[in-house]
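Chain by chain, the residues run as shown.
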Amino acid sequence: MSTAPEGYDPHAFAPFAVTVDLAVFTVREGRLHVLLVERGEDPYQGHWALPGGFVLPRESAEEAARRELAEETGLTQDTVCAFHLEQLRTYSDPDRDPRMRVVSVAYAALVPDLPEPRGGGDAARARWWDAGGTGPLAFDHDRILADAHDRIGAKLEYTCLATAFCPAEFTLGELQQVYETVWGVELDRPNFRRKVLTTSGFVQTVEGPPRRTGGRGKPAALHRAGPATALHPPLLRPEGRPEGRTP
């Protein structure tokens, strides 16, 4: 255990707290959704906000993020621990929280569709919201949500994270829907399939019978996420389109 150097007085500095906030996205019914909680306590009681809370003295920011997500949504620890959390940025404006000086470490998470969450901890309710129609959020969470949305749109171009929105086994049509939903564009199906299948390690074909989809076409082959983490070459969104915004 480390000790403070001689002459160091921690009381000479103004106290402040560290919190975590999470922008958790999924695709539901062809739309990008974000997980929000209704605050059950002041400040902003009754307002919707991103899940999150204070970092405890003996835990890391990521540990706090997973704990708060489980507490405020009712999701199990096993479910939350399986999420891919990506640290977004730190938000430190002096007046972002009316209680005291609070610095927040924000995370973005991409998950396949999950059951309806329930409120817990200091959250009265939790639910999935259409990411394009959340309305004003508590604190500076509108800014965090917008930043997370933009980050996801960019990450899909250069990484394989789109598969995190999909179930363990998925069709290429389902993967394409992820890109179209996050980017807010319509992609050419043959061109998209060619890019995905010719990108080494992006997806792997699942052995076995194909799965029938909702359309009239023949059953579609199933795939799973491949071993690659980066896309070479990148799968760039069409030029001249809104970046990271749903229509």
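The coordinates are above.
Cut-offs applied
- Residues numbered from 1 in each chain as written.
- Predicted model: local features only at pLDDT ≥ 70, side-chain atom pairs only at ≥ 80, totals over all residues.
- Heavy atoms only, no water.
- Axes fitted to C-alpha atoms, helices over the stretch in contact; angles between N-to-C directions.
- Helix = DSSP H or I, 4+ residues; strand = E, 2+ residues; numbered from the N terminus.
- Parallel < 35°, antiparallel > 145°, perpendicular 65-115°, else oblique.
- Left-handed = near helix turned anticlockwise from the far one by under 90°.
- Contact = heavy atoms within 4.5 Å.
- Nonpolar A, V, L, I, M, F, W, Y, C, P; charged D, E, K, R; others polar.
- Buried < 20%, exposed > 50% of the residue type's maximum accessible area, 1.4 Å probe, protein only.
- 1 Å grid on protein atoms, 1.4 Å probe; cavity = no way out; pocket = protein on both sides within 12 Å on 5 of 7 lines; lining within 4 Å.
- Points joined across faces, edges and corners; volume = space filled by probe spheres on them.
- Core = buried A, V, L, I, M, F, W, Y, C linked by side-chain atoms within 4.5 Å.
- Phe/Tyr/Trp six-rings, centres within 6.5 Å; stacked < 30°, edge-to-face > 60°.

## A word on the packing of helix H3 (residues 141-158) against helix H4 (residues 172-183)
For the pair H3 and H4, the least separation of the axes is 10 Å and the interaxial angle reads 140°. Looking at the two axes, H3 sits oblique to H4. Here H3 and H4 pass one another in a crossing that is left-handed. Across the interface between the two elements, His149, Ile152, Gly153, Leu156 and Glu157 from H3 touch Val178, Tyr179, Val182 and Trp183 from H4.

## Focus: the packing of H4 against helix H5 (residues 189-198)
Between H4 and H5, whose axes approach to 11 Å, the crossing angle comes to 105°. Classified by the angle between their axes, H4 and H5 sit roughly perpendicular to one another. On the side of H4, the interface is formed by Leu172, Leu175, Gln176 and Tyr179, while H5 contributes Arg189, Phe192, Arg193, Val196 and Leu197. Partitioned by chemical class, the residues of the contact of H4 with H5 number six nonpolar, one polar and two charged.

## Describing the environment of His84
Tracing the sequence through the fold places His84 in strand E5 (residues 84-91). Judged by relative accessible area, which is 36%, His84 ranks as partly exposed. Between the C-alpha atom of His84 and that of Asp188, which follows or precedes it by 104 residues, the distance is 28 Å. With residues up to four places along the chain from it excluded, the contact list for His84 reads Ala108, Ala109, Leu110 and Leu161.

## Notes on the layout of surface pockets
In this model, the second largest pocket occupies a volume close to 270 Å³. Considering the residues around the second largest pocket, the lining is formed by 22 residues, among which Arg39, Gly52, Gly53, Arg99 and Asp122 are closest to the centre. Listing elements by their share of the lining of the second largest pocket, those giving two or more residues are strand E1 (17-28), strand E2 (31-39), strand E4 (52-54) and helix H1 (61-73). Along the lines of polarity and charge, the residues of the lining of the second largest pocket split into eight nonpolar, five polar and nine charged.

## Looking at the nonpolar core
One finds Phe25, Phe165, Leu175, Tyr179 and Phe202 to be the most contacted residues of the largest nonpolar core, which totals 42 residues. Of all the elements in the fold, those that place two or more residues in this core are E1, E2, E5, strand E6 (102-110), H3, H4 and H5. Considering every element that reaches this core, the biggest residue donor is H4, with six residues. Grouped together as the second largest cluster of nonpolar side chains are 18 residues, Leu69, Val80, Leu85 and Ala109 included.

## Here's the deal with the packing of aromatic side chains
The full count for this structure, using the stated rule, is five aromatic pairs. With 5.3 Å between their ring centres and 65° between their planes, Trp48 and Trp129 make a pair best called edge-to-face. Here Trp48 is found in strand E3 (residues 48-49), whereas its partner Trp129 is found in strand E7 (residues 123-130), with 81 residues between them in sequence. Both residues of the pair, Trp48 and Trp129, belong to the buried class. An angle of 70° between the planes, with centres 5.0 Å apart, marks the rings of Tyr179 and Trp183 as edge-to-face.

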